[in-house]
Amino acid sequence: MYKMKIPCMFFKLDIVGQFMRVKSCMRGFSAVPEVSKECNGSKMLAWQIHGYGDLEELKLSKTVRIPHMKGPDDVLIQIAATSINPIDLAMMGGYGSVFLNKARQLEACSFSEIVEFPLVLGRDFSGRVFAKGLGVGHDINIGDEVWGALPPHLQGCHAQFVRVNKTLVHKKPHNVTLVEAASVPYAAMTAWSALKVTGDLCLSPAKGKRMLVLGGSGGVGTAAVQLLKAWGAQI
């Protein structure tokens, strides 16, 4: 996990019992009973940027609309903790903006230019399932403690709620806290991608190989070491 001296950017939000209203009165969704009674779009706190630049662009917005459910495979997560990654700082400065906007256009099936601002930062998170679509199934239920990570072209998770596809969220392991869980997913997926895709381990198994991990004490390095050991490599 990458740490920066940003006031309140690395945070844990104790928001259980707060913001108990969300726009979830659409057909095909279930939510906690107290929530389903309220059909007026509620607001939440979120860290946003309204333009590319430095830390001065980062603002805590108090009137951001809680994401509404769009499809049967959506899950609405009430955030408990998030972590900061180098990509947050890079995206604040405009890193990958052209490519990411193309990805947003592709997902929206639109050739029109998409304005990404205001943009919520944050990639990995932990929290509790607040509402879910009927296509999510029984593997993830309302109230479950979960963790997950978001691809960079989507709105981020430095907020009190985030909407994700069911494929981007999983139940949190019982042996880690919500704060600990928020520090793992994005770094671990970066390590997995570096090893399996860039390192060609998807074609040539790691078992029995001798490997050197540079920077093995960092977030990505720690995950890489443990993945390789689990795959049978000598580190």
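Residues numbered from 1 in each chain as written. Predicted model: local features only at pLDDT ≥ 70, side-chain atom pairs only at ≥ 80, totals over all residues. Heavy atoms only, no water.

Some remarks on helix 6 (residues 219–230)
Just so we agree on the cut-off: Helix numbering and strand numbering both begin at the N terminus, where a helix is a DSSP run of H or I of at least 4 residues and a strand a DSSP run of E of at least 2. To estimate the expected span of a helix, count its residues, drop one, and scale the result by 1.5 Å. For every residue, the accessible area obtained with a 1.4 Å probe (protein chains only) is divided by the maximum for its type, and the residue is called buried under 20%, exposed over 50%, and partly exposed between those limits. Directions pointing from the helix axis toward each C-beta atom define the arc.
Over its twelve residues, helix 6 extends 17 Å from the first C-alpha to the last, a length consistent with the 16 Å expected when each residue adds 1.5 Å. Within the sequence span of helix 6, burial applies to Gly221, Ala223, Ala224 and Leu228. Buried positions in helix 6, seen along its axis, are confined to an arc of 160° and lie on one side of it. Within helix 6, the exposed residues directed more than 90 degrees away from the buried face are Gln226, Lys229 and Ala230.

Structural notes on helix 5 (residues 185–198)
Selection criterion: For this analysis, residues touch if any pair of their heavy atoms sits within 4.5 Å.
With 14 residues, helix 5 extends 18 Å from end C-alpha to end C-alpha; this agrees with the ideal 20 Å at 1.5 Å per step. Looking only at helix 5, the buried set comprises Pro185, Tyr186, Ala187, Ala191 and Leu195. Those residues of helix 5 that are buried lie in contact with helix 2 (86–92), strand 6 (124–133), strand 7 (145–149), helix 4 (178–181) and helix 6. Positive backbone phi, approximately 60°, marks aspartate 200, located one or two places after helix 5.

Quick word on the sheet that holds strand 5 (residues 119–120)
The strands that make up a sheet are held in pairs by hydrogen bonds between backbone atoms, and each pair lies either parallel or antiparallel. Basically, it comes down to this: Each pair of strands is called paired provided DSSP finds at least two bridges between the two strands.
An order of 3-2-5 is seen for the three strands of this open sheet, with the pairing classed as antiparallel. Both edges of this open sheet fall to strand 3 (58–65) and strand 5, since each of them pairs with a single strand only. Across six bridges, the pairing between strand 2 (residues 43–49) and strand 3 is antiparallel. Directly across from alanine 46, in strand 3, lies its bridge partner serine 61.

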